[in-house]
Amino acid sequence: MNLQLSVDNRAEIFGDATSIADLAQFSFTGEDSQKLDIYRVDEILQADWSGEIRDMEMEYATGVTTTFKDGSRLTVAAWADCCDRTGYCSHCGQGALAA
Ligand SMILES: [Zn+2]
């Protein structure tokens, strides 16, 4: 298993001992950054933390940095491509003409 993520609580504004990013990192337990793509990271975050997200920066084949409403930040590395380019992909649009 090779999950790479980091939590940054320097900008956490509520003074809570446990930030949202501290909690949100556990949504990725068992995931593997080699196999994760950024859209999957987005899906996981939206499923568990949609009401807590203030901002999200997604960089293809690199990772996703999410800033939560309490100011804490979670960066999850996601190195995989979103698809194998053979069928239509709603994320990158690749394969749209193949069918
Ligand atoms: Zn794709």
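Going by the structure above, here's the rest.
Here we summarise the structure given alongside this text. The written sequence of each chain sets the order in which its residues are numbered from 1. At least 70 in pLDDT is required for a residue's local features to be given in this predicted model, at least 80 for side-chain atom pairs to be given and counted, and no such filter applies to totals for whole chains, interfaces and linings, which use all residues. Working from all heavy atoms in the structure, the side-chain values ignore hydrogens and water.

1. With respect to the pattern of salt bridges
No. 1: Salt bridges, as used here, are contacts in which a Lys or Arg side-chain nitrogen is within 4 Å of a carboxyl oxygen on Asp or Glu. As enumerated under the stated definition, the model contains two salt bridges in all.
No. 2: Here R10 and D8 are joined by a salt bridge, their closest N and O atoms 2.8 Å apart.
No. 3: Note that R40 is salt-bridged to E43, the shortest N-O span being 2.9 Å. Within this pair, R40 and its partner E43 are both found in helix α2 (residues 38–49), separated by three residues, close to a single helical turn.
No. 4: Burial classification: accessible surface area is computed with a 1.4 Å probe over protein chains only, and a residue below 20% of its type maximum counts as buried, one above 50% as exposed, and the rest as partly exposed. With relative accessibility at 36%, the residue R40 sits in the partly exposed group. Strands are runs of DSSP state E lasting at least two residues, helices are runs of H or I lasting at least four, and both sets are numbered from the N terminus onward.

2. Considerations on the environment of R85
No. 1: In this structure, R85 sits in the segment after β4 (73–77).
No. 2: For R85, a relative accessible area of 38% gives the class partly exposed.
No. 3: In sequence terms R85 and A61 are 24 residues apart; their C-alpha atoms lie 14 Å from each other.

3. What to know about the nonpolar core
No. 1: We define a nonpolar core as any set of buried Ala, Val, Leu, Ile, Met, Phe, Trp, Tyr and Cys residues linked to one another through side-chain atoms lying within 4.5 Å. In this structure, F28, L36, V41, L45, F68 and L74 are the most contacted members of the largest nonpolar core, which totals 19 residues.
No. 2: Contacts between residues were defined by any pair of non-hydrogen atoms, one from each residue, lying within 4.5 Å. Residues contacting L45, with those up to four places away along its chain left out, are F28, S50, I53, M56, V64, T66, F68 and L74.

4. Thoughts on the packing of aromatic side chains
No. 1: Geometry of aromatic contacts follows a simple scheme: Phe, Tyr and Trp rings, the Trp one being its six-membered ring, pair when their centres are within 6.5 Å, and the pair is stacked under 30 degrees between planes, edge-to-face over 60, tilted otherwise. In total, this model carries one aromatic pair according to the counting rule given.
No. 2: Between Y39 and Y60, the aromatic rings sit 6.5 Å apart at their centres with planes inclined by 55 degrees, giving tilted as the arrangement. With Y39 in helix α2 and Y60 in the loop between β2 (53–59) and β3 (63–68), the pair connects residues that are 21 residues apart, well separated along the chain.
No. 3: Residue classification places Y39 among the buried residues on the basis of a relative accessible area of 19%.

5. Side note on the coordination of the zinc ion
No. 1: Distances up to 2.8 Å from the metal define which N, O and S atoms are donors, and 3.2 Å serves for Na, K and Ca; water is absent from the atom set, so sites may look incomplete. At 2.2 to 2.4 Å from the zinc ion lie its protein donor atoms, namely C82 (SG), C83 (SG), C89 (SG) and C92 (SG).
No. 2: Sites are called tetrahedral only when four donors show all angles between 85 and 135 degrees, square planar or octahedral only when four or six donors show opposite pairs over 155 degrees and all other angles between 65 and 115, and irregular in any remaining case. What the four donor atoms of the zinc ion show is an angle range of 103 to 120 degrees at the metal, which sorts the shape as tetrahedral.
No. 3: All donors of the zinc ion belong to a single chain; written as a sequence motif, their spacing is C-C-x5-C-x2-C.

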